[in-house]
Amino acid sequence: MSSVAFVFRYVAFALVATAGNLGTQRLVLRWGDEAFVYYLALLAGTLVGLVLKYCLDKRWIFGDVTSGIAEHGRKFSLYTLMGVATTAIFWGTETLFWLAWNAEAAREIGALIGLSVGYLVKYHLDRRYVFVRGQSAMDGAAC
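Fair warning: this is a prediction, and the values are worked out from it, not measured in the lab.

Student: What am I meant to see in the packing of helix α1 (residues 3-29) against helix α2 (residues 35-61) here?
Tutor: When two helices pack together, their arrangement is captured by the angle between the axes and the distance separating the axes. The interhelical angle for the contact between α1 and α2, taken along N-to-C directions, is 155°, at an axis separation of 8 Å. Considering their axes alone, α1 and α2 lie roughly antiparallel with respect to each other. Crossing of α1 over α2 shows right-handed handedness. For the contact of α1 with α2, the residue count by class is 19 nonpolar, seven polar and three charged.

Right, dumping it as structure tokens:
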């Protein structure tokens, strides 16, 4: 797979996960504007985005076709752990924009910036620590 095709695929999957994340946040934020609802929206959106991105990355980015509950559990746990720092980048940027401008559009711009930076960092962490047995799709693994 060419570098351009690989980057396009990774960005497309990041956009799918981002849409799932922000869509879930919007649904939860309809419940009210209290701080608790905001944090619940962050958590629910992050969970949806994490599961979507893991499923897509595992097979189509890293070419990982392993199966079994134990193997999925181990990899998903590592994948989630690698996401802790990148989630802090995302949540921090989103919250900073919300606090600075107190506007829905600003919150989502902050979320998009934070997610973009986070996904770039996360790819490198996942490649190095989570999917180390296989090759990435960019390196020629079968997809």
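Student: What am I meant to see in the side chain of asparagine 21 here?
Tutor: Tracing the sequence through the fold places asparagine 21 in helix α1. In this view, asparagine 21 contacts Gly45, Thr46, Gly49, Phe90 and Leu115; residues no more than four positions away in its chain are not counted.

Student: How should I be thinking about the pattern of salt bridges in this particular structure?
Tutor: Working definition: two side chains of opposite charge can pair if their charged atoms are close together. For the structure shown, the criterion picks out 10 salt bridges. Between arginine 26 and glutamate 108 there is a salt bridge whose closest N-O contact spans 2.8 Å. Linking arginine 26 in helix α1 with glutamate 108 in helix α4 (residues 104-130), this pair joins segments that are 82 residues apart in sequence. Given the relative accessible area of 48%, arginine 26 is considered partly exposed. In this structure, the salt-bridge partner of glutamate 71 is arginine 74, at a minimum N-O distance of 3.1 Å. With glutamate 71 and arginine 74 both in helix α3 (residues 69-101), this residue pair falls three residues apart, about one helical turn. A relative accessible area of 18% places glutamate 71 in the buried class.

Student: Just to check I follow, could you spell out the packing of α2 against α3 for this structure?
Tutor: Two elements in contact, α2 and α3, have axes separated by 10 Å at closest approach and are oriented at 135°. Here α2 lies oblique to α3, going by the angle between them. Taken as a pair, α2 and α3 cross one another with a handedness that is right-handed. Across from Tyr38, Leu42, Leu43, Thr46, Leu50, Val51, Lys53, Tyr54, Asp57 and Lys58 in α2, the residues of α3 making contact are His72, Lys75, Phe76, Tyr79, Thr80, Thr87, Phe90, Trp91, Glu94, Thr95 and Trp98. Of the residues contributing to the contact of α2 with α3, the split by class is 11 nonpolar, five polar and five charged.

Student: What am I meant to see in the packing of aromatic side chains here?
Tutor: Describing an aromatic ring pair means giving the distance of the ring centres and the angle of the ring planes. Under the criterion given, the structure shown has 11 aromatic pairs. The interplanar angle of 65° and the centroid separation of 5.7 Å between the aromatic rings of phenylalanine 6 and tyrosine 123 together place this pair among those described as edge-to-face. Of this pair, phenylalanine 6 sits in helix α1 while tyrosine 123 sits in helix α4, placing them 117 residues apart in sequence. When the ring of tyrosine 54 is compared with that of tyrosine 79, the centres are 5.2 Å apart and the planes differ by 70°; the resulting orientation is edge-to-face.

Student: Teacher, can you tell me more about the environment of arginine 127 here?
Tutor: Tracing the backbone through its elements, the reader meets arginine 127 in helix α4. Given a relative accessible area of 41%, arginine 127 falls into the partly exposed group. Each C-alpha atom, one on arginine 127 and one on threonine 24, is 27 Å from the other, the two residues being 103 residues apart in sequence. For arginine 127, the contacting residues outside a window of four places in its chain are Phe62 and Val132.

Student: Which parts of the structure should I look at to understand the nonpolar core?
Tutor: Taken as a class, soluble globular proteins show a tendency for nonpolar side chains to be buried jointly. Counting 19 residues, the largest nonpolar core has Ile61, Tyr79, Tyr119, Tyr123 and Phe131 as the members making the most contacts within it. No other element matches α1, which puts six residues into this core. Discounting residues that sit within four places of it in the chain, tyrosine 119 has contacts with Tyr10, Ala14, Ala17, Thr18 and Lys53.

Scoring rules and cut-offs
- Residues numbered from 1 in each chain as written.
- Predicted model: local features only at pLDDT ≥ 70, side-chain atom pairs only at ≥ 80, totals over all residues.
- Heavy atoms only, no water.
- Axes fitted to C-alpha atoms, helices over the stretch in contact; angles between N-to-C directions.
- Helix = DSSP H or I, 4+ residues; strand = E, 2+ residues; numbered from the N terminus.
- Parallel < 35°, antiparallel > 145°, perpendicular 65-115°, else oblique.
- Left-handed = near helix turned anticlockwise from the far one by under 90°.
- Nonpolar A, V, L, I, M, F, W, Y, C, P; charged D, E, K, R; others polar.
- Contact = heavy atoms within 4.5 Å.
- Salt bridge = Lys/Arg side-chain N within 4 Å of Asp/Glu carboxyl O.
- Buried < 20%, exposed > 50% of the residue type's maximum accessible area, 1.4 Å probe, protein only.
- Phe/Tyr/Trp six-rings, centres within 6.5 Å; stacked < 30°, edge-to-face > 60°.
- Core = buried A, V, L, I, M, F, W, Y, C linked by side-chain atoms within 4.5 Å.

Remember, this is a structural readout, not a statement about activity or role.
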